[in-house]
There are 2 protein chains.
Amino acid sequence: MTTSNRPARNIGDLSTPAVLVDIDALEHNLATMSKRLPGALLRPHIKAHKSTALAELQRRYGHRNFTCATVREMIGMAHAGLSDDLLLANEVLDEERLAALSALQDRAMITIAVDSDATVDAAARAGIKHVLIDVNIGLARCGCAPSDAGRLAQRARAKGIIVRGVMGYEGHLMVAADRAVQLSDTLAAMDTLWAAGEAAGGDVISAGGTGNYDLHASHLATTGVTEVQAGSYVLMDTYYSTLGLPFRQALSILGTVVSSHDKWAVADVGLKSLGMDHGDPKIADHKVWFCSDEHITFATEKSAGAASRAPQPGVGSRVRIVPSHVDPTMAMHEYLWLVRGDEVLDRWPIDLRGW
Amino acid sequence: MTTSNRPARNIGDLSTPAVLVDIDALEHNLATMSKRLPGALLRPHIKAHKSTALAELQRRYGHRNFTCATVREMIGMAHAGLSDDLLLANEVLDEERLAALSALQDRAMITIAVDSDATVDAAARAGIKHVLIDVNIGLARCGCAPSDAGRLAQRARAKGIIVRGVMGYEGHLMVAADRAVQLSDTLAAMDTLWAAGEAAGGDVISAGGTGNYDLHASHLATTGVTEVQAGSYVLMDTYYSTLGLPFRQALSILGTVVSSHDKWAVADVGLKSLGMDHGDPKIADHKVWFCSDEHITFATEKSAGAASRAPQPGVGSRVRIVPSHVDPTMAMHEYLWLVRGDEVLDRWPIDLRGW
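Cut-offs applied
- Residues numbered from 1 in each chain as written.
- Chains lettered and ligands numbered in written order.
- Predicted model: local features only at pLDDT ≥ 70, side-chain atom pairs only at ≥ 80, totals over all residues.
- Heavy atoms only, no water.
- Helix = DSSP H or I, 4+ residues; strand = E, 2+ residues; numbered from the N terminus.
- Rg over C-alpha atoms; globule rule 2.2 N^0.38 Å.
- Buried < 20%, exposed > 50% of the residue type's maximum accessible area, 1.4 Å probe, protein only.
- Contact = heavy atoms within 4.5 Å.
- Least-squares fit on C-alpha atoms with pLDDT ≥ 70 in both.
- Pairing = 2+ DSSP bridges.
- Axes fitted to C-alpha atoms, helices over the stretch in contact; angles between N-to-C directions.
- Salt bridge = Lys/Arg side-chain N within 4 Å of Asp/Glu carboxyl O.
- Buried area = accessible area lost by both parts, 1.4 Å probe.
- Polar contact = N/O pair within 3.5 Å; in protein donor to acceptor, adjacent residues only side chain to side chain.
- Right-handed = clockwise from strand over helix to strand, strands pointing away.

### Some points on the overall build of chain A
Next, step 1: Along the backbone of chain A there are 9 helices and 16 strands.
Next, step 2: In summary, chain A has a C-alpha radius of gyration of 22 Å against a globular reference of 20 Å for 355 residues, a match within 12%.
Next, step 3: Each of the three principal axes of chain A carries a C-alpha extent, and together these read 70 × 45 × 35 Å.
Next, step 4: Evaluated residue by residue, chain A yields a buried proportion of 60% over its 355 residues.
Next, step 5: For chain A, contacts bridging at least 24 residues in sequence account for 66% of all contacts bridging at least 6.

The following block contains the structure:
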């Protein structure tokens, strides 16, 4: 891949906290996913990284259609020229934001999710040309009742909107103890989505995520799913890493040990630089005690058979911290550093933050 | 207080998620604290709000000395003219950042915390003129061993640095089931800090927080504490609200219901706009089910004696969500809206984000 002319530096030169993305793990993840779900079969969800530079790299792996979670992500992607086919997979009522999206339609293919009379009507008022009917397929969140999809599609068409099809997000099925159960539950959810799609019309059936992308990939012919919305596969986190997926941990947050004690050390990466909703992050070969606003307190682990605990890392040591949830972590930082091992290759802005 | 000439608007006009700060609750909190710990007895911790406009208001209530958690907060405060006496209550090794702080010393009184040879030496190399010796008084985080405070102070003075005194943060004592125990534990921690201060020299003894500010206020004469570092009292959160402190909830995040169902509703305030390390936020008269990246799923509560659950709020309804942790929540937003009830008075930037 091409990087800028910025001279290579070592991660030891970086100010911390710093988002590190390992280029080899990243490219492994992109290659693995694009092989299994090539081209339009994947609509990468860019909420997981919020970086147009990273989306640009995803496009080089063949994915030209993207999923967004916020209007600001949609606008940023369109302005970056990543505009072939942008889906806002969330409901929006905000007139100003819908107008901003509508104004982009001459330079970008814009589609938004709707799941109620109010969201259909708001889209129509703003002059939005394309929608997907968002169908609830089991997660207690957005999406119309499956039986209402046909009626909502009719309402949209009556207002001059093109209904491209349906989407659903089976978020409750991303992590399962038993893969056979996860498969049968996913297939049942897709039966529901397919039936709603038949009623709504259009040719798009969009669903899925990193946790079951492979189940989708193996059953596209029977489910009728036309595209998968995975996002976390690009960078990964400790939550998804338990699933045995073929993706590597590309993301870590680099910290500096600023205080070191007999029984613990403290680095300058705290809960203002880590998504915490999935719990504490991890540090290899160490036990994380707790996170404060600006700090993480951690300690060496006593190895089996060792007479005593290894000494704590000294003040000035660097430490890589692996977040438990990639999406909110990325949203807290202004840029990421692309690295190979300890070598710094480039700096990319995380330019799609906010709403 | 003075606000800009921006015409009053209603919160119904705001794009969401939006940080709301109720001016009456805010001024109550500022007045209550400034009565109990007037002037220099309080060194407000601005990491809790990251807004120079809010710090400016704190100064109007008599507090001219501030505590910061990051170098960027220090720089922003200095540039905003809130420069009488700025304490960075964290250890820093970063040479570039220390140089930036050092360069501010002609326009701002800058003091930083040190707790090791390495941090003393880094401060000296950067030309930092004033330090506090950070003393560990029980929380497993930063701070030197109390017995090491004198030696570190000597080392700093030998390098030409003025040691203004000591600080300690008894963060493990902010929340306690039994106030009598909290008091005796706080007093014991202050005994340790006082002894370290005797060894280190200087006239500052800085400690405490919102959870025990009143215990400090009542015992300054015996503890020798010269200033308290509270921050959360300004805006408050659900975590601190359980303590029976005389501060009101000034902060909420305004959301819009974007999807409504029989058993739940969904608003557009998710875990990318809420600090989640203290758990889910709260919504008055509703039960929060869970938060996703961009959404909160919640439901009406069945009142005692009621035959059935109240209907869910409809699409387009506004809802105020109270965060469980103020500090990381503020760090996720670009600005706050100052409101009185539903009337919007002003917009203030949250201008001290990042590191």
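### Describing the relation of the copies chain A and chain B
The operation relating the pair of chain copies consists of a rotation about an axis and a translation along that axis.
Next, step 1: The two copies are related by a screw operation: chain A maps onto chain B through 180° of rotation and 0.0 Å of translation along the axis, at an RMSD of 0.0 Å. Taken together, these values place the two copies in the relation of a two-fold axis.

### Considering the sheet that holds strand β9 (residues 227–228) of chain A
Residue and element names in this part refer to chain A.
Next, step 1: Strand order in the open sheet formed by 7 strands is β3-β4-β5-β6-β7-β8-β9, with parallel pairing between adjacent strands. Both outer strands of the open sheet, β3 (65–68) and β9, are each paired with one neighbouring strand and no more.
Next, step 2: Relative to strand β4 (residues 85–88), β3 runs parallel, the two sharing 4 bridges. For T67, the partnering residue across the bridge sits in β4 and is L87.

### Section: the sheet that holds strand β8 (residues 204–207) of chain B
Residues and elements named next belong to chain B.
Next, step 1: A sheet is described by the order of its strands in space; here 7 strands give the open sequence β3-β4-β5-β6-β7-β8-β9, paired in parallel fashion. Pairing within the sheet leaves two strands with one partner each, and these edge strands are β3 (65–68) and β9 (227–228).
Next, step 2: Two elements, strand β6 (residues 130–134) and strand β7 (residues 162–167), share 5 bridges in a ladder whose sense is parallel. Its bridge partner lying in β7, H130 is registered against I162.
Next, step 3: Contacts from helix α6 (residues 149–158) reach β6 and β7, with the element oriented near 165° to β6.
Next, step 4: Contacts from helix α7 (residues 179–200) reach β6, β7 and β8, with the element oriented near 170° to β7.

### As for the pattern of salt bridges
Residue and element names in this part refer to chain A.
Next, step 1: The final tally for this structure, using the stated rule, is 38 salt bridges over all chains.
Next, step 2: A salt bridge links D24 to R340; the shortest N-O distance between them is 3.2 Å. Of this pair, D24 sits in helix α1 (residues 23–36) while R340 sits in strand β15 (residues 335–340), and the two are 316 residues apart along the sequence.
Next, step 3: Assessed through its relative accessible area of 36%, D24 is described here as partly exposed.
Next, step 4: A salt bridge links R59 to E56, with the shortest nitrogen-to-oxygen separation between them at 3.5 Å. Of this pair, R59 and E56 both sit in helix α2 (residues 52–60), 3 residues apart, roughly one helical turn.

### Quick notes on the interface of chain A and chain B
Next, step 1: Across the contact, 53 residues belong to chain A and 53 residues belong to chain B.
Next, step 2: Counting each side, the surface lost to burial between chain A and chain B is near 4,100 Å², with a carbon and sulfur contribution of 58%.
Next, step 3: When the buried surface of chain A facing chain B is broken down by residue, R141(A), K272(A) and W355(A) rank first, second and third, together holding 17% of it.
Next, step 4: Counting across the chain A and chain B interface gives 4 salt bridges.
Next, step 5: Salt-bridge contacts for R72(A) lead to E334(B); the nearest nitrogen and oxygen are separated by 3.0 Å.
Next, step 6: For the interface between chain A and chain B, the tally reads 23 residue pairs in polar contact (both at pLDDT 80 or more).
Next, step 7: For the side of chain A that touches chain B, the elements supplying multiple residues, two or more each, are α5 (117–126), β10 (251–260), β12 (286–291) and α9 (326–331) of chain A.

### What about the pairing of strand β7 (residues 162–167) of chain A?
Residues and elements named next belong to chain A.
Next, step 1: Burial runs high along β7: 5 of the 6 residues are buried.
Next, step 2: Following the chain from strand β6 (residues 130–134) across helix α6 (residues 149–158) to the adjacent parallel β7, one finds a crossover that is right-handed.
Next, step 3: Inspection of the sheet shows β7 paired to strand β8 (residues 204–207) by 3 bridges, in the parallel sense. Counted as the bridge partner of M167 is S206 from β8.

### Examining the pairing of strand β4 (residues 85–88) of chain B
Residues and elements named next belong to chain B.
Next, step 1: Because side chains alternate across β4, one face comprises the buried residues D85 and L87, and the other comprises L86 and L88, equally buried.
Next, step 2: Read from β3 through helix α3 (residues 71–79) to β4, the crossover connection turns out right-handed.
Next, step 3: In terms of strand pairing, β4 meets strand β5 (residues 110–114) through 3 bridges, oriented parallel. Along β5, the bridge assignment pairs L88 with I112.
Next, step 4: Following the backbone out of β4, through helix α4 (residues 95–103) and into the adjacent parallel β5, one traces a crossover that is right-handed.

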